[in-house]
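Listed below, chain by chain, are the residues.
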Amino acid sequence: MDSKGSSPKGSLLLLLLLVSNLLLCKSVAALPICPSGAVNCQVSLRDLFDRAVILSHYIHNLSSEMFSEFDKRYAQGRGFITKAINSCHTSSLSTPEDKEQAQQIHHEDLLNLVLRVLRSWKDPLYHLVSEVRGMQEAPDAILSRAIEIKEQNKRLLEGMEKIVGQVHPGVKENEVYSVWSGLPSLQMADEDTRLFAFYNLLHCLRRDSHKIDNYLKLLKCRIIYDSNC
Amino acid sequence: MKENVASTVVLILLLFLNINLLNGYSPPGKPEIIKCRSPEKETFTCWWKPGIEGGLPTNYTLTYHKEGETITHECPDYKTGGPNSCYFNKKHTSIWKIYIITINATNKMGSSSSDPHYVDVIYIVEPDPPVNLTLEVKQPEDRKPYLWIKWLPPTLVDVSSGWLTLQYEIRLKPEKAAEWETHFAGQQTQFNVLSLYPGQKYLVQVRCKPDHGFWSEWSPESSIQIPSDFTMKDTIMWISVAILSAIVCLIIVWALALKGYSMVTCIFPPVPGPKIKGFDTHLLEKGKSEELLSALGCQDFPPTSDCEDLLVEFLEVDDSEDQRLMPAHSKEHPSQGLKPTHLDPDNDSGRGSCDSPSLLSEKYEESRANPPTFHTPKVTEKPENPEVNITCTWDPQDIHLESKISYFHAGGSKSSTWPLPQPCHHNPLSSYHSTADVCKLALGPVSAATTLLDKTEKDVVEASKTIETEEEEKTDKPREVESFPSKTDQETAWLLPQQKTPFLAAKPMDYVEIHKVNKDGALALLPKQKENSNKREKPDTPETSKEYAKVSRVMDNNILVLVQDPRAQNRVLLEEPVKEALPSLRQNQAEENLACFTATPDNCRLQMGGVDYLDPTCFTHSFN
């Protein structure tokens, strides 16, 4: 355990994360927020989408960094990538696979898809944080990012629900999401298995956050700017 | 046995291998995928590196399969990406899916495969550089000029739908600079650069980066020339400032030119040129070196104020008849006072010295039998030369004398006081000489002065006699003298001063003043010397006053020729060095100048210590 050696590095990373978090909070908080319970408060769709895109972009950045950190530290030479094929729990959700497909999907459906993905990750993120915390050599960089992603994901979900409420009012979709069942793998005693479980989770998180980000940017350009970004 | 067989087999295999190696053929080496890139997240290309060639032509194939699929596909396009590449077009590209790609190298000897390469398109996006980089220098009226940079995203990237979000970065530098100046431009496709060095040529480049991808290459350089700093306003302002300064400078120069001389003289007063009193440059012209030398040997230089006194008494009466007196040196003896002097009467008025010098020169030439030697430089310049700032303090005496002198003036004739009272501005040289002459006369035993005065007195006497009725001279003399002017005997030519003027070289003129008339009826003449007491009862001392109590004769022009009373000669009131020589001088002169001088030869020429001067009385004779 080189917690002493990694603590200055980790604390620095934590500080950086906090600062970026604060900045993001600032940027997010700068947008007008309707107090809870207000009826006539109406944030413009443009502002909602701007905030959503900022969040999704931020989440994906965090996810990429987290994955890179984990891959560099734990997954070298283990060939996890070969095993992490088609192992994401959200693959059952029929998401578009290229630009044409994404552009053909109706924006309402796309919005719903984003919601589903976001919902699907609520649980895994929660467990990710708890499990990373429990790691013996829990790197602060991964832990802090995991915590941040969890928080931002919650916010993004709230924002998306608002957007859907504005774009597609009245339709209350059943809360469909993919269930994650990888928790036991995270708690496996076998280090290799456990690490692969983390690796897989982080890999899927990186991909799904990118998907969300891309979909939201598409939607924003399509809905707000009429495909003329 | 078995061992032998085994070893033999091994040996054979080794031989076989060696043979193959010796031939140089081998199965291809293991290729390796080096890079896969997608320019717009819709297509991608992979490049591989072949392994060690086996010496035989090798065939490379790329096979892949996607995540979640089991079908293995081969590269759809080996050409587009260049050699050893595989291009996946849109149809064959799936996003958010992992591609497992393998390269197979095959030759006759064998084949080899590369390690599988796992690639997701979303993580290999590297766009082309932006295009259409345009530069423009904008110069708003109230601000400094700035550089406006504009570009377009790369052609393949779909930004409008939001599929890719690009961020840009520009960099610029002056052409000769070493370091680039980088600016992040965000998602905008234009940028303003405000800090520019005017007059420089700038190079600009731009690149882009997708929201989650790699930076592109820098675009090709664009250059622009920043114009110089000078605005029209500045230019006009500087031109007007320059013109105003030029005008001011011209005015200053013009003012300096006009008044420069006076200013210069004010700042740097002119140093008086060296002049020797009593030195007549005419001598130089005439080549009279002897006189020159004698002149240079003047004593008592610079002149004292005594000379001034003498000068003051130097009378010149210019009359129509004056000409008789005046051109003593001239051959012509004008008739009685009628011939106009060559001097313009107007010139004479108040400027006796003006006339005198010229006259002096003339007379000097003619009458000089013996080159007169300058006696002394104790001469003060009567008229003020502009160059010679010798101012005799004549004023008191002038005034004093002037009153007397004025009486001498013949009425009609213009009387010119002798050089003294009025400074004369013309012919300074001549006046100088006259002054010198006068001084010399004064300095010496004043014989000259006395003679002059004699002359004057003679004239006075003559005039008085001619004009006046018989009166007691003694009492009348002064009055006569004073009243003489009223009588204005034109005839009387008070040529004394004039005659004096020809005294060029060495004719010191003596200023004499009629001091009084003694009982004997002798006019006491006083040379104008401060040192000399002005009172001389019986002057007759050669230096100072001489008493001319004896009338030798009367000339035609009613001129009295006075002679010194020999009796009075013994009386010496003033001590002059040369006085002793006077009598002899007189005698000599008389003899010598007989031709010129009619009476009183002794009076005419007095030789004092080597200084020769003419008695003014002599001049009167010349007019006869």
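The name given to chain B in an unreviewed UniProt entry is Prolactin receptor, with the source organism recorded as Trichechus manatus latirostris. The UniProt entry for chain B carries this comment under Sequence similarities (unreviewed entry): "Belongs to the type I cytokine receptor family. Type 1 subfamily." The Subcellular location (unreviewed entry) comment attached to chain B in UniProt states, word for word, "Membrane".

An unreviewed UniProt entry lists chain A under the name Prolactin, with Trichechus manatus latirostris as the source organism. Listed in UniProt under the heading Subcellular location (unreviewed entry), the comment for chain A reads: "Secreted". Looking at the Subunit (unreviewed entry) heading of the UniProt record, one finds this comment for chain A: "Interacts with PRLR."

*Asks:* When you look at the overall build of chain B in this model, what are you seeing that I'm missing?
*Replies:* The helix and strand inventory of chain B stands at 16 helices and 21 strands. Expressed as a percentage of the 624 residues in chain B, the buried residues total 52%.

*Asks:* What is the right way to read the interface of chain B and chain A from this model?
*Replies:* Interfaces are frequently sized by the accessible area removed from exposure as the parts join. Opposite the 25 residues of chain B that make contact, chain A presents 30 residues. Summed over both partners, the interface of chain B with chain A comes to about 2300 Å²; 56% of that surface belongs to carbon and sulfur atoms. Applying the counting rule to chain B against chain A returns six salt bridges. Notably, a salt bridge pairs B:E67 with A:R207, separated by 2.5 Å at the nearest N-O pair. Seen at the junction of chain B and chain A, the total is 17 residue pairs in polar contact (both at pLDDT 80 or more). Among the residues making up the side of chain B that touches chain A, the classes are represented as nine nonpolar, eight polar and eight charged.

*Asks:* Quick question: what am I supposed to make of the sheet that holds strand β2 (residues 44-49) of chain B here?
*Replies:* Pairing between sheet strands relies on hydrogen bonds along the backbone, with the strands arranged either parallel or antiparallel. All names here are of chain B. Taken together, three strands build an open sheet; the order of strands is β1-β2-β5 and the sheet is antiparallel. Of all strands in the sheet, those with a lone pairing partner are β1 (32-37) and β5 (85-88), marking the two edges. Here the strands of the sheet are splayed against their neighbours by 20 degrees on average, with no regard to which way each runs. Strand direction decides the pairing type here: β2 and β5, joined by four bridges, are antiparallel. The residue of β5 that forms the bridge with W47 is S85.

*Asks:* Honestly, the pairing of β2(B) in this entry has me stumped. Any pointers?
*Replies:* Consecutive side chains of a regular strand alternate in pointing toward one face of the sheet and then the other. Residues and elements named next belong to chain B. Sheet topology note: the β1/β2 ladder contains five bridges and is antiparallel. Residue E32 lies in a different strand from β2, and its bridge partner there is K49. Taken together, β1 and the strand that follows it, β2, pair antiparallel across an intervening segment of six residues, in which K41 is found at a positive phi of about 65 degrees.

*Asks:* Explain the UniProt feature "binding site: Zn(2+)" (unreviewed entry) in chain A here, please?
*Replies:* Residue and element names in this part refer to chain A. Sequence positions flagged by UniProt for "binding site: Zn(2+)" (unreviewed entry) are, in local numbering, H57 and D213. The named residues occupy 157 residues along the chain; their greatest pairwise C-alpha distance, 5.7 Å, places them in one compact cluster. Looking at where H57 falls in the secondary structure, it is placed in helix α2 (residues 45-74). You can call H57 partly exposed: its relative accessible area is 23%.

*Asks:* Is there a simple way to think about the packing of aromatic side chains in this case?
*Replies:* How two aromatic rings sit relative to each other is set out by the distance from centre to centre and by the angle between their planes. Counted by the stated rule, this structure contains 15 aromatic pairs over all chains. Ring centres of A:F80 and A:Y199 lie 5.5 Å apart, and the angle between their planes is 45 degrees; on these two criteria the pair is classed as tilted. Placement of A:F80 in helix α3 (residues 80-83) and of A:Y199 in helix α9 (residues 191-224) is noted, with a sequence separation of 119 residues between them. The burial state of A:F80 is the same as that of A:Y199; both residues are buried. Ring geometry for B:Y64 against B:F88: centres 5.0 Å apart, planes inclined by 80 degrees, an arrangement best described as edge-to-face. Of this pair, B:Y64 sits in strand β3 (residues 59-66) while B:F88 sits in strand β5; the two residues are 24 residues apart in sequence, bridging distant segments of the chain. Relative accessible area serves as the criterion here: at 0%, B:F88 is assigned to the buried category. When the ring centre of B:Y123 is taken as origin, the NZ or CZ atom of A:R206, which lies over that ring, is 3.7 Å away.

The rules behind these values
Residues numbered from 1 in each chain as written. Chains lettered and ligands numbered in written order. Predicted model: local features only at pLDDT ≥ 70, side-chain atom pairs only at ≥ 80, totals over all residues. Heavy atoms only, no water. UniProt positions renumbered as here; feature names shortened; annotations may be inferred. Helix = DSSP H or I, 4+ residues; strand = E, 2+ residues; numbered from the N terminus. Buried < 20%, exposed > 50% of the residue type's maximum accessible area, 1.4 Å probe, protein only. Contact = heavy atoms within 4.5 Å. Buried area = accessible area lost by both parts, 1.4 Å probe. Salt bridge = Lys/Arg side-chain N within 4 Å of Asp/Glu carboxyl O. Polar contact = N/O pair within 3.5 Å; in protein donor to acceptor, adjacent residues only side chain to side chain. Nonpolar A, V, L, I, M, F, W, Y, C, P; charged D, E, K, R; others polar. Pairing = 2+ DSSP bridges. Axes fitted to C-alpha atoms, helices over the stretch in contact; angles between N-to-C directions. Phe/Tyr/Trp six-rings, centres within 6.5 Å; stacked < 30°, edge-to-face > 60°. Lys NZ or Arg CZ within 6 Å of the ring centre and 35° of its normal.

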